[in-house]
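Commentary on secondary and tertiary structure
Chain by chain, the residues run as shown.
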Amino acid sequence: MAELTIAVLGLDRLGASVALRLQTFVKKRGQHRFTLIGYDSRDDYESPARKLKVFDKIERKAYSAVEGADIVFMNLPYEDLRAGYELIAPSLRDGVLLLDTAVIKQPSLTWAEQYLSDEHHLIGFTAAINADYLLEHQLSPEYASDDYFLDSPIYLTPSLASIKEAIDLAVNFSAILGGKPHFLDPAEHDSLTTITEEIPQLLSIVAYASAMNHNAWQDAQRLTNPPFNVLTRYLLTHHPDALRDEWLANREPLTRAIDELLASLTDLRNRLAANDESAIEAFLIAASDDYQRWINKRHKGDWDDRPDNNAQFEHTIAGTLFGGAITKRLFGGSKNDDK
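Since we're looking at a predicted model, the values are computed, not measured.

Okay, the sheet that holds strand β3 (residues 57-59) next. Within a beta sheet, neighbouring strands are joined by backbone hydrogen bonds and run either parallel or antiparallel to one another. Strand order across the open sheet formed by 8 strands is β3-β2-β1-β4-β5-β6-β7-β8, with mixed pairing between neighbours. This sheet does not close on itself; its edge strands, each paired only once, are β3 and β8 (180-183). Strand-to-strand twist in this sheet, taken as the mean axis angle between neighbours without regard to direction, amounts to 25°. Pairing geometry for strand β7 (residues 153-157) and β8, over 4 bridges, is parallel. The partner of Tyr 155 across the bridge, within β8, is His 182. Packed on one face of the sheet, helix α1 (residues 13-29) meets β1 (3-9), β2 (33-39) and β4 (71-74) and runs near 160° to β2.

Time to look at the layout of surface pockets. Its boundaries defined by the atoms lining it, the second largest pocket holds a volume of some 350 Å³. Residue assignment for the lining of the second largest pocket shows that the elements contributing at least two residues are α5 (106-115) and β6 (121-127). Among the residues making up the lining of the second largest pocket, the classes are represented as 9 nonpolar, 5 polar and 2 charged.

So, on to the pattern of salt bridges. Taken as a whole and assessed by the stated rule, the structure comprises 10 salt bridges. A salt bridge links Glu 46 to Arg 60; its shortest N-O distance comes to 3.0 Å. Taken as a pair, Glu 46 in helix α2 (residues 43-52) and Arg 60 in the loop between β3 and α3 (62-66) lie far apart in primary sequence, 14 residues in all. What makes Arg 60 exposed here is its relative accessible area of 58%. Between Arg 244 and Asp 245 there is a salt bridge, with the nearest N and O atoms lying 2.9 Å from each other. Within this structure, Glu 46, Arg 50 and Arg 60 form a network of salt bridges that share partners.

Spanning 23 residues, helix α12 (residues 251-273) covers 32 Å between terminal C-alpha atoms, matching the ideal 33 Å at 1.5 Å per step. Among the residues of α12, those classed as buried are Pro 253, Leu 254, Ala 257 and Leu 261. Lining the buried residues of α12 we find α7 (186-212) and α11 (240-249). Just beyond α12, the residue with positive phi is Asn 275, at close to 55°.

Moving on to the side chain of Ser 204. Tracing the backbone shows Ser 204 in helix α7. A relative accessible area of 0% places Ser 204 in the buried class.

On to a nonpolar patch on the surface, then. On the surface, Leu 134, Leu 135, Tyr 291, Trp 294 and Trp 303 cluster together into a nonpolar patch covering about 530 Å² of accessible area. Mapped onto the elements of the fold, Trp 294 is located in helix α13 (residues 277-300).

In this section: the packing of aromatic side chains. For the structure shown, the criterion picks out 10 aromatic pairs. Each ring, one from Phe 73 and one from Phe 125, has its centre 5.1 Å from the other, and the planes form 80°; the classification is edge-to-face. Residue Phe 73 is located in strand β4, and its partner Phe 125 is located in strand β6; the two are separated by 52 residues in the primary sequence. Consider the rings of Tyr 208 and Trp 217, whose centres lie 5.6 Å apart with planes at 80°: the pair is edge-to-face. Residue Trp 217 is classed as buried on the basis of its relative accessible area of 13%. Connected via pairs of aromatic rings, a cluster forms that spans Phe 73, Phe 125, Tyr 133, Tyr 148 and Phe 149.

Conventions we followed
- Residues numbered from 1 in each chain as written.
- Predicted model: local features only at pLDDT ≥ 70, side-chain atom pairs only at ≥ 80, totals over all residues.
- Heavy atoms only, no water.
- Pairing = 2+ DSSP bridges.
- Helix = DSSP H or I, 4+ residues; strand = E, 2+ residues; numbered from the N terminus.
- Axes fitted to C-alpha atoms, helices over the stretch in contact; angles between N-to-C directions.
- Contact = heavy atoms within 4.5 Å.
- 1 Å grid on protein atoms, 1.4 Å probe; cavity = no way out; pocket = protein on both sides within 12 Å on 5 of 7 lines; lining within 4 Å.
- Points joined across faces, edges and corners; volume = space filled by probe spheres on them.
- Nonpolar A, V, L, I, M, F, W, Y, C, P; charged D, E, K, R; others polar.
- Salt bridge = Lys/Arg side-chain N within 4 Å of Asp/Glu carboxyl O.
- Buried < 20%, exposed > 50% of the residue type's maximum accessible area, 1.4 Å probe, protein only.
- Expected span 1.5 Å × (residues − 1).
- Patch = residues over 30% accessible without salt bridge, like charges linked within 9 Å, V, L, I, M, F, W, Y side chains within 5 Å.
- Areas by Shrake-Rupley, 256 points an atom, 1.4 Å probe, with all protein chains shown as cover.
- Phe/Tyr/Trp six-rings, centres within 6.5 Å; stacked < 30°, edge-to-face > 60°.

Structure, rendered in structure tokens:
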């Protein structure tokens, strides 16, 4: 049985759902014991997270939260992430595993090289959440659930420097959360999330900017309803500095994705301008049919995964950890064991 201290930095719906799942795992299976430490600088997340009563303690300082932690779940807002690595690095113990949830992973690898030691192990973590929650966009911790990751892919992005023990621990931790671990190269990951994360961000901002610059906006803004608010919500949930830094850090794939988006918009615009009913209908039917195929696959998890993308794991943290600094830290053993 493993006894692990888990620090969750960032107590939004994602971070709180991690804690809820770990708590449920202990209650139902009892194989391991988790001490859960939380941290968030945002009052609108920290206060609701306290009311959930799933954390053993919620610290006021990030460096206090990570002291003694075996796993640090790095779920900080993007604008705070670099400073977060610099701040917590001196307080991290040897053998710690850091799981980074940032939308793009390559900047975090650079910051890890800059601030962390060779005894601190960073692996990117991106969850494709339970399909039952796909249409929900609430980020507050009161919407957390212990099945948030159930039967859904969790993509791990190790670097070339990642050691086997850290990868194994990340795989098994993902399995305990209820997810299906897979591997992605960090650069490939960032190219894919350009399409699924950053283009939606960009469309949200551009849609609002276009509306506010429209000469009828003074009157139109009074007619706003859920479709407009849902589309433009990123201005409420993301800080401009975070979006700026994230887009610039991933500017090459994002620029290519914008070019493809512009081509699609131009195509649709030309069909509309030509009053081409059949062409517009064909455009809509093609998108609708493909959407139905995608959403069905997303709910069923039927992706025909590439064999080399699937992570092999045991449903126990101890199952695949043999040797190395992390194993000795978590499960005993002395330095002489390597000799």
